[in-house]
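Chains, contacts and geometry: an overview
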Amino acid sequence: MTSVYDLPSPFFGEKVFLRAIEESDLPSIMEHWNAYETRVSLGKFVPSSSIEREQWINEVNQKAKKGEAYTFAIIHKVKEEFLGTVALKRINMINRGASLSVSIHNPANHNKGYGTDAVRCILKIGFNILNLHRIELHVYEFTANAVHIYEKLGFKKVGVRRQASFIIGEYRDDLVMDILEEEFVEL
Ligand SMILES: CC(C)(COP(=O)(O)OP(=O)(O)OC[C@H]1O[C@@H](n2cnc3c(N)ncnc32)[C@H](O)[C@@H]1OP(=O)(O)O)[C@@H](O)C(=O)NCCC(=O)NCCS
């Protein structure tokens, strides 16, 4: 039988690795968290203060302690630079389900492969460590790169929440996407 130490760590991808979020990450978070493109893509229309983000870090750690949600920092493997966060939230161990979210904070770092790598890692964590059965997400139809990476990693579009989001004066559709554990294994 293979030793567990010989198995690749799901926390390490090709370009990024995931680790716990520390209070010392606050300055890095504040650097690009309020970038307009990133915020709007996540439905956070009102800019956040550093106090609000500090409280968020505490909440993240409380939820992880209770096993309700796990949010990780995405770190550049070579530069060891903070790139953003990826999370499994609303973990339900009866249904073995969770919701996924991901954000690469600095728009200058978008479309460089970091998001795909981070989502691949968190799917491995969800299915192979947390023993989840189904992971879902909601995504705005206009964030085409996000929809593309989710489909590439095996998510399926399972519904549309029509005009669910009011964004800068217009109602927009949200897509509901999900992936089951057996679909992830097939990849
Ligand atoms: C969405 C997000 C996480 C993706 O991460 P990323 O590092 O930018 O994405 P990647 O570089 O890994 O992959 C982007 C893919 O989208 C493709 N893409 C880029 N623009 C596209 C477009 N307009 N239409 C379709 N595909 C597009 C790229 O070609 C690439 O695919 P490929 O690797 O098959 O060529 C990141 O852009 C982000 O944080 N955006 C703001 C927050 C957000 O939207 N989060 C998701 C909420 S559900």
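Provided above is the structure to which this section pertains.
One structure accompanies this document, and this report is about it. (Residues numbered from 1 in each chain as written. Predicted model: local features only at pLDDT ≥ 70, side-chain atom pairs only at ≥ 80, totals over all residues. Heavy atoms only, no water.)

1. Some remarks on the site of the ligand
In the neighbourhood of the ligand, 21 residues make up the surrounding shell, with I104, N111, G113, G115 and T116 lying closest. N111 places a main-chain nitrogen or oxygen 2.7 Å from an oxygen atom of the ligand. The fraction of the free accessible surface of the ligand (950 Å²) that becomes covered by protein chains is 73%. When atom positions are compared with the pocket grids, the ligand is found to occupy the largest pocket. Counting only elements with at least two residues in the shell around the ligand, the list comes to β4 (97–104), α4 (114–129), β5 (134–140) and α5 (144–152). Considering every element that reaches the shell around the ligand, the biggest residue donor is α5, with seven residues. (Near = heavy atom within 4 Å. Polar contact = N/O pair within 3.5 Å; in protein donor to acceptor, adjacent residues only side chain to side chain. Areas by Shrake-Rupley, 256 points an atom, 1.4 Å probe, with all protein chains shown as cover. 1 Å grid on protein atoms, 1.4 Å probe; cavity = no way out; pocket = protein on both sides within 12 Å on 5 of 7 lines; lining within 4 Å. Sits in = over half its atoms within 2 Å of the grid points. Helix = DSSP H or I, 4+ residues; strand = E, 2+ residues; numbered from the N terminus.)

2. Quick notes on the sheet that holds β4
What the seven strands build is an open sheet, ordered β1-β2-β3-β4-β5-β7-β6; its pairing is mixed. The sheet terminates laterally at β1 (16–20) and β6 (156–167), the two strands that pair on one side only. Pairs of neighbouring strands in the sheet enclose a mean axial angle of 30°, with direction left out of account. In the sheet, β5 pairs with strand β7 (residues 170–180) via seven bridges, with the strands oriented antiparallel. In the sheet register, I135 faces β7, and the bridge partner there is I179. Relative to the sheet, α4 contacts β1, β2 (70–76), β3 (82–92), β4, β5 and β7, its axis offset from that of β1 by approximately 55°. (Pairing = 2+ DSSP bridges. Axes fitted to C-alpha atoms, helices over the stretch in contact; angles between N-to-C directions. Contact = heavy atoms within 4.5 Å.)

3. Brief notes about α4
Its 16 residues place the ends of α4 21 Å apart at the C-alpha level, agreeing with the 22 Å of an ideal helix rising 1.5 Å per residue. With 12 of 16 residues buried, α4 is to be regarded as a mostly interior element. For α4, every residue scored as buried is listed here: Y114, G115, T116, D117, A118, V119, C121, I122, L123, I125, G126 and F127. (Expected span 1.5 Å × (residues − 1). Buried < 20%, exposed > 50% of the residue type's maximum accessible area, 1.4 Å probe, protein only.)

4. Points about the packing of α4 against α5
At a closest axis distance of 10 Å, the pairing of α4 and α5 adopts a crossing angle of 40°. On the basis of the axis angle, α4 is oblique to α5. For the pair α4 and α5, the sense of crossing is right-handed. Where α4 abuts α5, its residues G115, T116 and V119 lie against I149, Y150 and K152. A per-class count over the contact of α4 with α5 returns three nonpolar, two polar and one charged. (Parallel < 35°, antiparallel > 145°, perpendicular 65-115°, else oblique. Left-handed = near helix turned anticlockwise from the far one by under 90°. Nonpolar A, V, L, I, M, F, W, Y, C, P; charged D, E, K, R; others polar.)

5. Structural notes on the pattern of salt bridges
When the charged atoms of two side chains with opposite charge come close together, those side chains can pair. Using the criterion set out here, one finds 11 salt bridges in the structure. One salt bridge connects E181 with R96, and the closest N-O pair in it is separated by 3.2 Å. One end of the pair, E181, is in helix α6 (residues 181–186); the other, R96, is in the loop between β3 and β4, and 85 residues separate them in sequence. In this structure, the salt-bridge partner of E151 is K157, at a minimum N-O distance of 3.6 Å. A relative accessible area of 39% means that E151 is categorised as partly exposed. Sharing partners across several salt bridges, the network here consists of R134, E136 and D178. (Salt bridge = Lys/Arg side-chain N within 4 Å of Asp/Glu carboxyl O.)

6. As for the layout of surface pockets
If a probe as big as a water molecule is rolled over the atoms, it shows which places are left empty. Reported here for the largest pocket is a volume of approximately 1,400 Å³. The wall of the largest pocket is formed by 49 residues, among which L42, S101, V102, S103 and Y150 lie closest to the centre. Elements with a minimum of two residues in the lining of the largest pocket: α2 (36–41), α3 (50–66), β3, β4, α4, β5, α5 and β6. (Points joined across faces, edges and corners; volume = space filled by probe spheres on them.)

On their own, these measurements won't tell you what the molecule is for.
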